[in-house]
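As a plain string of letters, each chain reads:
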Amino acid sequence: MSRMNMEISLRRRVTNIVMLSITGLFTLLTITILFCILGYLLYHGIGSLSWSFFTNLPKPTGEAGGGMANAIVGSGKILLIATVLGVPVGFLAGVYLSEYSGRTFAFVVRYVTDLLNGVPSIVIGIFAYAMVVKPMHRFSTLAGGIALGIMMIPIAVRTTEEFLRAVPNSLREASLALGATKATTIFTVVAPAAIQGLVSGMMLNLARVAGETAPLLFTALGNMFWSRGWSQPSASLPVMIYQYAISPYEDYHQQAWAAGFVLLALVLSINVTARLVISGRGATARR
Amino acid sequence: MAIQPPHVEDTSAMPAGGINAPQTSVIPKLRTRDLNFYYGSFQALHNIGIDIASRKITAFIGPSGCGKSTFLRTMNRMNETVRGTRYDGQILLDGEDIRKMDVTGVRRRVGMVFQKSNPFPKTIFENVAYGLRINGAKKATIAETVQRSLERAALWTEIKDKLHKPASALSGGQQQRLCIARALAVEPEVLLLDEPCSALDPVATLKIEELLFQIKETTTIVIVTHNMQQAARLADHTGFFLMGKLIEFNDTRAIFQNPKKKETEDYVTGRFG
Ligand SMILES: Nc1ncnc2c1ncn2[C@@H]1O[C@H](COP(=O)(O)OP(=O)(O)OP(=O)(O)O)[C@@H](O)[C@H]1O
Ligand SMILES: [Mg+2]
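Just so we're clear, the structure is a prediction, and the values are computed from it rather than from any experiment.

## Looking at the overall build of chain B
When you go through chain B residue by residue, the secondary structure sums to 10 helices and 10 strands. By residue count, 48% of the 273 residues in chain B fall in the buried class. Considering only intrachain contacts with a sequence separation of at least 6, the fraction spanning at least 24 residues in chain B is 69%.

## Observations regarding the interface of chain B and chain A
How big an interface is tends to be expressed through the accessible area that disappears when the partners come together. Counting residues at the interface gives 20 residues for chain B and 16 residues for chain A. Taken together, the elements giving at least two residues each to the side of chain B that touches chain A come down to α2 (103-109), β6 (110-113) and α3 (124-134) of chain B. Split by residue class, the side of chain B that touches chain A holds 9 nonpolar, 8 polar and 3 charged.

## A closer look at the sheet that holds strand β1 (residues 28-39) of chain B
Residue and element names in this part refer to chain B. Spatial strand order, β2-β1-β4-β5: 4 strands in an open sheet with antiparallel pairing. Edge positions in the open sheet fall to β2 (42-53) and β5 (96-97), since each of these has one partner strand only. Two strands pair when backbone bridges link them, and β1 and strand β4 (residues 85-93) are joined in this way by 8 bridges, in the antiparallel orientation. In the sheet register, Arg 31 faces β4, and the bridge partner there is Leu 92.

## Overview of helix α7 (residues 169-177) of chain A
Those residues of α7(A) not exposed but buried are Arg172(A), Glu173(A), Ala174(A), Ser175(A), Leu176(A) and Ala177(A). Elements in contact with the buried residues of α7(A): α8 (182-193) of chain A together with α2 and β6 of chain B. One or two positions beyond α7(A), positive phi appears at Gly179(A), with a value near 95°.

## Overview of the domain arrangement of chain A
All names here are of chain A. You can read the domains of chain A as domain 1 (2-45) and domain 2 (53-286). For domain 1 and domain 2, the distance between their C-alpha centres works out to 35 Å. Across the boundary between the two partners, domain 1 contributes 5 residues, which contact 6 residues of domain 2. Looking at the side of domain 1 that touches domain 2, its residues break down into 3 nonpolar, 2 polar and no charged.

## Things to note about helix α6 (residues 141-165) of chain A
In this model, α6(A) (25 residues) spans 35 Å end to end at C-alpha, consistent with the 36 Å of a helix rising 1.5 Å per residue. Most of α6(A) is tucked away: 23 of the 25 residues are buried.

## Comments concerning the environment of Lys59(A)
All names here are of chain A. Mapped onto the elements, Lys 59 comes out in the loop between α2 (51-55) and α3 (69-100). Distance in space between the C-alpha atoms of Lys 59 and Ile 81 is 28 Å, their sequence separation being 22 residues. Setting aside chain neighbours within four positions, we find Lys 59 in contact with Gly 65 and Gly 66.

## Comments concerning the site of ligand 1
All names here are of chain B. Near ligand 1, the surroundings consist of 13 residues, among which Tyr 39, Ser 64, Lys 68, Ser 69 and Thr 70 are the closest. When contributions to the shell around ligand 1 are tallied by element, the ones reaching two or more residues are β2 and α1 (68-74). Ranked by residue count, the leading element in the shell around ligand 1 is α1, at 3 residues. Classifying every residue of the shell around ligand 1 gives 5 nonpolar, 7 polar and 1 charged.

## Concerning unusual backbone geometry
Residues and elements named next belong to chain B. Residue Asn 47 is not a glycine yet carries a positive backbone phi of 45°. In this fold, Asn 47 is placed in strand β2. Even without glycine at this site, Met 243 takes up a positive phi of about 50°. Within the element layout of this structure, Met 243 appears in the loop between β9 (237-242) and β10 (245-251). Residue Met 243 is classed as partly exposed on the basis of its C-beta count, with 14 C-beta atoms lying within 10 Å.

## Structural notes on the sheet that holds β10(B)
Residue and element names in this part refer to chain B. Strands sit in the order β6-β7-β8-β3-β9-β10 across an open sheet of 6 strands; the sheet is mixed. If you trace the sheet from one side to the other, it starts and ends with β6 and β10, each paired once. Sheet twist, expressed as the average angle between the axes of neighbouring strands with direction ignored, equals 15°. Note: β9 against β10, 6 bridges, orientation antiparallel. Bridge assignment links Phe 241 to a residue of β10, and that residue is Leu 246. Lying over the sheet, helix α6 (residues 172-185) contacts β6 and β7 (190-194), oriented at roughly 175° with respect to β6.

What counts, and where the lines are drawn
Residues numbered from 1 in each chain as written. Chains lettered and ligands numbered in written order. Predicted model: local features only at pLDDT ≥ 70, side-chain atom pairs only at ≥ 80, totals over all residues. Helix = DSSP H or I, 4+ residues; strand = E, 2+ residues; numbered from the N terminus. Buried ≥ 20, exposed ≤ 12 C-beta atoms within 10 Å, placed from the backbone. Contact = placed C-beta atoms within 7 Å. Nonpolar A, V, L, I, M, F, W, Y, C, P; charged D, E, K, R; others polar. Pairing = 2+ DSSP bridges. Domains from an automatic or database assignment. Expected span 1.5 Å × (residues − 1). Near = placed C-beta within 6 Å. Axes fitted to C-alpha atoms, helices over the stretch in contact; angles between N-to-C directions.

The structure is reproduced here in structure tokens:
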């Protein structure tokens, strides 16, 4: 009897150790991949990473001191439009799902949002091309922003719905019991109670689309100079990386690596800020 | 004129809500007639007919799950926010059917302190100021009203130095008193309190009871309590609920010293099993 017990406990311990090492190994692998990418980008791009990379326009190949200032600013403008479009639309739809709609309708909308989320980004790009670029007869910052904004909507809806649902009902009741309307309650009690989750969710959402390339190919196109306005073609970091990487020139390749590093650093810093916003929740509650 | 006992609702002998003029000098603030309440198919309240006297303290007692909270929450239409609930019958506030009134107006006039304290995740000050702000109080008067409300809820001296700290930093009992202050700030005509003292120590409980005595001058108070001494100390009238029925409603002294129903007697003497 006791020998059997010992055997079982031995077997359990071995399984435990094996599982621990396998899962640990793969966790390590995941982390390593991120650092490898960062290191690789830095290694190849470091030569082009200088102050002028951030301040200068692209120069013809062979000329020294070319930069990507226009692509950095262009990406910023495109992401700004995307946020201004995607966040309010997604937020308000999320408010509707969490606070107003019936269960069946919410279920259907949630399903549709998941489908929209699964639409390949290149298809979104073609859609924005048909809806914005065609009628306006030109590629533009605006079209790029709209394409990325559409991509932000599904996650914005889900984030809002989930964080609002997590707000305890007793808070809604407290506000309603004082004679507040439902709308007042949502905007002065429920949403502020969820604000940290909402802000960080939206930032992660932004970080997710910041690296999108395909939808921009048909919409913002690209530009070797400063974009002449919101309704004109614009450079962006992902498209610039793509164009430089497929070019036959060694110095362009190096710049593409540098741009890749800048883009990744940007996305990571948005990510880290979002996580800090989330963990800040505990701090304010305790203060 | 001597104050006479309020209308005694005898649900078995009398069609509830049938005879609705109590032989009494007190003016009813809230009345219900043939009130039946349902959570989906489950009927939580049966034929409640009651007159709640203006500017008096009315207490409701009864075992857990008998429908006290449900009853309280129908009177400010709070149960309407719960999916699948409905009621029939009438609830009258100053003679007017609350179902026909604007819901925010009803809740503004009939304030509520919930069974579980529920301060907003805002500062102490903003918690109390909230009701004033949404009801359009003048900015200049807000700070003063906030202080007065906190004083009345016996919380001011403890927190006057941390008004702008989050309410979550308060103890459970302090949070409950904050909720009372928040309800008082908008000066409701009726204040519904659902076991407001269950998280309080005897000193704070006493302070709240003193407060209720004070505001009785201007406010109709309805309180649910599990503490029978508290009902006996505080209330002018007491009602006993059992399984969704109002078994007996009378002067508090009569309920505790001379109950007419066997169930009431068993409950107040602790023989209820
Ligand atoms: N949201 C709900 N959905 C369905 N049934 C409910 C709901 N809330 C309460 N009930 C039921 O209604 C009955 C009365 O509940 P209520 O909360 O009014 O009791 P109570 O007298 O306040 O009890 P306690 O003293 O424990 O607070 C109980 O049987 C309860 O199970
Ligand atoms: Mg209750």
